[in-house]
There are 2 protein chains.
Amino acid sequence: MQEAVGLIGPQGAQERVLDGVRRAIIEGRHLPGQPLSEVALAAEHDVSRTPVREALKQLQIEGLVEIRPRVGSFVRAPSRREVVELFELKEMLEGMGARLLAARGPVHELDALEENIERSGEAVARADAQRYAGLVHEFHELIVTGANNTQLVTHYRTLMNQLAYQRLVSASLTRPGRLGESLAEHRHVLDLVRGKDGIGAEFAMRDHVRSSERATLTAGHPLGGRSSTKES
Amino acid sequence: MQEAVGLIGPQGAQERVLDGVRRAIIEGRHLPGQPLSEVALAAEHDVSRTPVREALKQLQIEGLVEIRPRVGSFVRAPSRREVVELFELKEMLEGMGARLLAARGPVHELDALEENIERSGEAVARADAQRYAGLVHEFHELIVTGANNTQLVTHYRTLMNQLAYQRLVSASLTRPGRLGESLAEHRHVLDLVRGKDGIGAEFAMRDHVRSSERATLTAGHPLGGRSSTKES
DNA sequence: CCACGGCTTCTTGCATGCATCACAAGTTAA
DNA sequence: TTAACTTGTGATGCATGCAAGAAGCCGTGG
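Counting restarts for each chain: residues are numbered from 1 in the order of the written sequence. Here every chain gets a letter starting at A, and every ligand a number starting at 1, in the order they are written. Since the coordinates come from a predicted model, pLDDT governs what is reported: local features require at least 70, and pairs of side-chain atoms require 80 or more to be given and counted, while whole-chain, interface and lining totals use all residues. Hydrogens are left out, water is left out, and the side-chain values use all remaining heavy atoms of the structure.

J.: Is there a simple way to think about the nonpolar core in this case?
T.: One recurring pattern in soluble globular proteins is that nonpolar side chains are buried together. Working definition of a nonpolar core: buried Ala, Val, Leu, Ile, Met, Phe, Trp, Tyr and Cys residues. They are joined through side-chain atoms within 4.5 Å. Type-normalised accessible area, obtained with a 1.4 Å probe on protein chains alone, sets the label of each residue: buried when under 20%, exposed when over 50%, and partly exposed for intermediate values. Counting 34 residues, the largest nonpolar core has Leu93(A), Leu152(A), Leu93(B) and Leu152(B) as the members making the most contacts within it. For this core, the elements supplying multiple residues, two or more each, are α4 (80–104) and α7 (150–163) of chain A together with α4 (80–104) and α7 (150–163) of chain B. Those residues in contact with Leu152(B) that lie beyond four places of it in its chain are Leu89(A), Leu93(B), Met96(B), Gly97(B), Val144(B) and Ala147(B). Core analysis: the second largest hydrophobic core is formed by 23 residues, Leu110(A), Leu113(A), Leu142(A) and Ala201(A) among them. A run of DSSP states H or I qualifies as a helix once it reaches four residues; a run of E qualifies as a strand once it reaches two. Both are numbered from the N-terminal end. Contact definition: two residues touch when any of their heavy atoms are within 4.5 Å.

Here is the structure:
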């Protein structure tokens, strides 16, 4: 071909491939263990193998893809152990976010959190688990971004990608009573943040993450439990 | 050329380039802001541009290199603000390591830590700051690896690369009295870990990181203070 | 003297071709 | 029948060529 006429596109070809494949994995369109052929992805996104290779490399670093040299790339599913490890990290990072946010004083994220809790209350009242799942995501995201620490946000986002958090949360919220429980914990965290109790907010958030972890791991485990890396 | 006769090399060409450039940046052979030409690096490592590009991409994700699209790659120096952010993260991650290590009970890392403190005492007695710096690195590394959480280790290593920790620590330890102070803090942390006081160990470690941060940032700042991204 | 516009040059981004290696199916011998 | 060997097919890893864009430079106009 060698046309490259359409120039670099909106934001480069490899970024398009990167976002596309990442979303496909997180949304479950590519299942764990499934091989990701470079030529197939190149054809699918209508680019050559080069940007596909670079995108796969980045996804490997993000933990979504496993590249076995000279063999190929595969969708990576974290093992059960890794999920526990990721939750341990999540606990620390979100606790850190709550503490830093409390220390910042009144910033616009607090209003957004207030509004989030209000809308969450409505969703819980209607038992709309799907909608609440989205609001949960927003709540945690606001806590972390509100900490005003870009490094924290970067590491946190990587973590969440690996956890395929969306699906996990949706699964955990099916347990009856969990919605109200979760909302109460959110409210408690926000109260402590507003009260500028940094350490209190940190530990409330950590407790919340742990209880959320329990709810998630005791619910169905859509992860399969086994890593894609078979070590036989 | 197109020879590729020597086959794939010991561990692939791009890995060689990756390690080489990373070490060069961390050890200060490539200075912040300096442009990293693909062709120059390719010639230096005797490979083509392709593996160099992939290595640079990974280094960008690790935070050591900034790639301005269509412009070039540059050695990235974290801004003062980013250094503070990185230390905040370091504090949380090492605190987490200490807590998890305490919960694990008697593992071989504890013996290694004991021995490390012993050797550290000798280094302090001889006022050998250089040797002590290496032992500090080992101590913190043992705390983190001893937590038995591979995700933690991964994120932590990335962090340390960005901080160019080696140089920073060496600089901070020039302040008189800091060596003994630091050693006492290490010993305190290890005592709490051995006593299985997880939360205590976590906060002792966090306190230690904060005091280490103060010592580092008040010492000379070899980082230049300004980011490589000039925003004028 | 300073500002602005066109141009040159060097850079990256992507496409493509070739060599090498991993895996599996088919074949043969015990 | 089973195990080991051979060979074929497909994949990745790397080298290289071409086009588009960005930074710097020089000349010109004010």
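This is not the end of the story, as more comes after the structure.
J.: Would you explain the packing of aromatic side chains in this entry?
T.: Two numbers describe a pair of aromatic rings. These are the distance of the centres and the angle of the planes. Only rings of Phe, Tyr and Trp enter the pairing, Trp through its six-membered ring, and a pair is recorded when the two centres are within 6.5 Å. The plane angle decides the type: under 30 degrees is stacked, over 60 is edge-to-face, the rest tilted. Applying the stated criterion to the full structure yields one aromatic pair over all chains. Ring geometry for Phe203(A) and Phe203(B): centres 5.8 Å apart, planes at 15°, overall stacked. With Phe203(A) in helix α10 (residues 198–218) and Phe203(B) in helix α10 (residues 198–218), the pair connects residues from two separate chains. Assessed through its relative accessible area of 23%, Phe203(A) is described here as partly exposed. If you follow Arg68(A) out to its NZ or CZ, it ends over the ring of Phe74(A), 4.8 Å from the centre. As a reminder, the over-ring test applies to NZ of lysine and CZ of arginine, requiring each to be within 6 Å of the ring centre and within 35 degrees of the ring normal.

J.: Just to check I follow, could you spell out the sheet that holds strand β2 (residues 65–68) of chain B for this structure?
T.: Strand-to-strand pairing in sheets goes through backbone hydrogen bonds, with the strands running parallel or antiparallel. Residues and elements named next belong to chain B. If you trace the three strands from one edge of the open sheet to the other, you get β1-β3-β2, paired in antiparallel fashion. The open sheet terminates on both sides in strands that have one partner only, identified here as β1 (35–36) and β2. Of the strands in this sheet, β1, β2 and β3 (72–75) touch helix α3 (residues 49–62), which is tilted by about 115° from β2. Any two strands between which DSSP finds at least two bridges are classified as paired. For helices, the fitted line uses only the C-alpha atoms of the stretch in contact; every axis is such a line through C-alpha atoms, and the angle between N-to-C directions lies from 0 to 180 degrees.

J.: Sorry, what's going on with the interface of chain B and chain A here?
T.: Interfaces are often sized by the amount of accessible area the parts lose when they come together. Contact with chain B, which involves 33 residues of that partner, is made by 33 residues of chain A. Two parts placed together each lose some accessible area under a 1.4 Å probe, and adding up what both lose gives the buried area. Carbon and sulfur atoms supply 54% of the area that chain B and chain A bury against each other, a total of about 2,900 Å² over both sides. Looking at the side of chain B facing chain A, the largest losses of area belong to Met92(B), Gln151(B) and His155(B), adding up to 20% of the total buried there. Throughout this description, the term salt bridge denotes a Lys or Arg side-chain nitrogen within 4 Å of a carboxyl oxygen of Asp or Glu. Connecting chain B to chain A are four salt bridges. In this structure, Glu202(B) engages Arg206(A) in a salt bridge whose closest nitrogen and oxygen atoms are separated by 2.7 Å. Among the secondary structure elements, those contributing two or more residues to the side of chain B that touches chain A are α3, α4, α7 and α10 of chain B. A total of twelve residues in the side of chain B that touches chain A trace back to one element, the largest contributor, which is α4(B). Tallied by class, the residues present in the side of chain B that touches chain A amount to twelve nonpolar, nine polar and twelve charged. Under this grouping Gly is polar, as are all residues other than the nonpolar Ala, Val, Leu, Ile, Met, Phe, Trp, Tyr, Cys and Pro and the charged Asp, Glu, Lys and Arg.

J.: Would you mind showing me how to read the pattern of salt bridges here?
T.: When their charged atoms lie close together, side chains carrying opposite charge are able to pair. Applying the stated criterion across every chain, the model contains 48 salt bridges over all chains. Its salt-bridge partner being Arg22(A), residue Asp19(A) comes within 3.0 Å of it at the nearest N-O pair. Of this pair, Asp19(A) and Arg22(A) both sit in helix α1 (residues 13–26), separated by three residues, roughly a single helical turn. Residue Arg210(A) is joined to Asp207(A) by a salt bridge in which the shortest nitrogen-to-oxygen separation is 2.5 Å. Of this pair, Arg210(A) and Asp207(A) are both found in helix α10, three residues apart, which corresponds to roughly one turn of the helix. Classification of Arg210(A) by relative accessible area gives partly exposed; the value is 31%. Members of the salt-bridge network, linked through shared partners, are Glu91(A), Arg99(A), Glu202(A), Arg206(A), Asp207(A), Arg210(A), Glu91(B), Arg99(B), Glu202(B), Arg206(B), Asp207(B) and Arg210(B).

J.: Before we go on, may I ask you to explain the relation of the copies chain B and chain A in this structure?
T.: Two chain copies here: they are related by a rotation about an axis and a translation along the same axis. Rotating chain B by 180° and moving it 0.0 Å along the rotation axis overlays it on chain A with an RMSD of 0.1 Å. On this basis, the relationship between the two copies can be described by a two-fold rotation axis. A share of 100% of interface residues in chain B that are also interface residues in chain A marks the association as one of identical surfaces. Residues reaching a pLDDT of at least 70 in both copies supply the C-alpha atoms on which the copies are superposed by least squares.

J.: What am I meant to see in α7(B) here?
T.: Because the α-helix completes a turn every 3.6 residues, residues three or four places apart line up on one side. All names here are of chain B. For a helix, the expected span equals 1.5 Å multiplied by the number of residues minus one. Spanning 14 residues, α7 covers 20 Å between terminal C-alpha atoms, matching the ideal 20 Å at 1.5 Å per step. Turning to α7, its buried residues number three or more, namely Gln-151, Leu-152, Val-153, His-155, Tyr-156, Thr-158, Leu-159, Met-160, Asn-161, Gln-162 and Leu-163. In the analysis that follows, any N or O atom pair within 3.5 Å is treated as a polar contact, provided that within protein one partner can donate a hydrogen and the other can accept it, and provided that, for residues neighboring in sequence, both atoms belong to side chains. For α7, the N-terminal capping position is held by Asn-149, with its side-chain oxygen 3.0 Å away from the main-chain nitrogen of Gln-151. Ala-164 lies just past α7 and shows a positive phi near 50°.

J.: Explain the sheet that holds strand β3 (residues 72–75) of chain A to me, please; I cannot follow it from the model alone.
T.: Residue and element names in this part refer to chain A. Spatially, the three strands line up as an open sheet ordered β1-β3-β2, and their pairing is antiparallel. One side of each edge strand has no neighbouring strand; the edge strands of this open sheet are β1 (35–36) and β2 (65–68). Pairing analysis gives four bridges linking β2 to β3, with the strands arranged antiparallel. Residue pairing for β3: Arg-68 is matched across the bridge by Gly-72.

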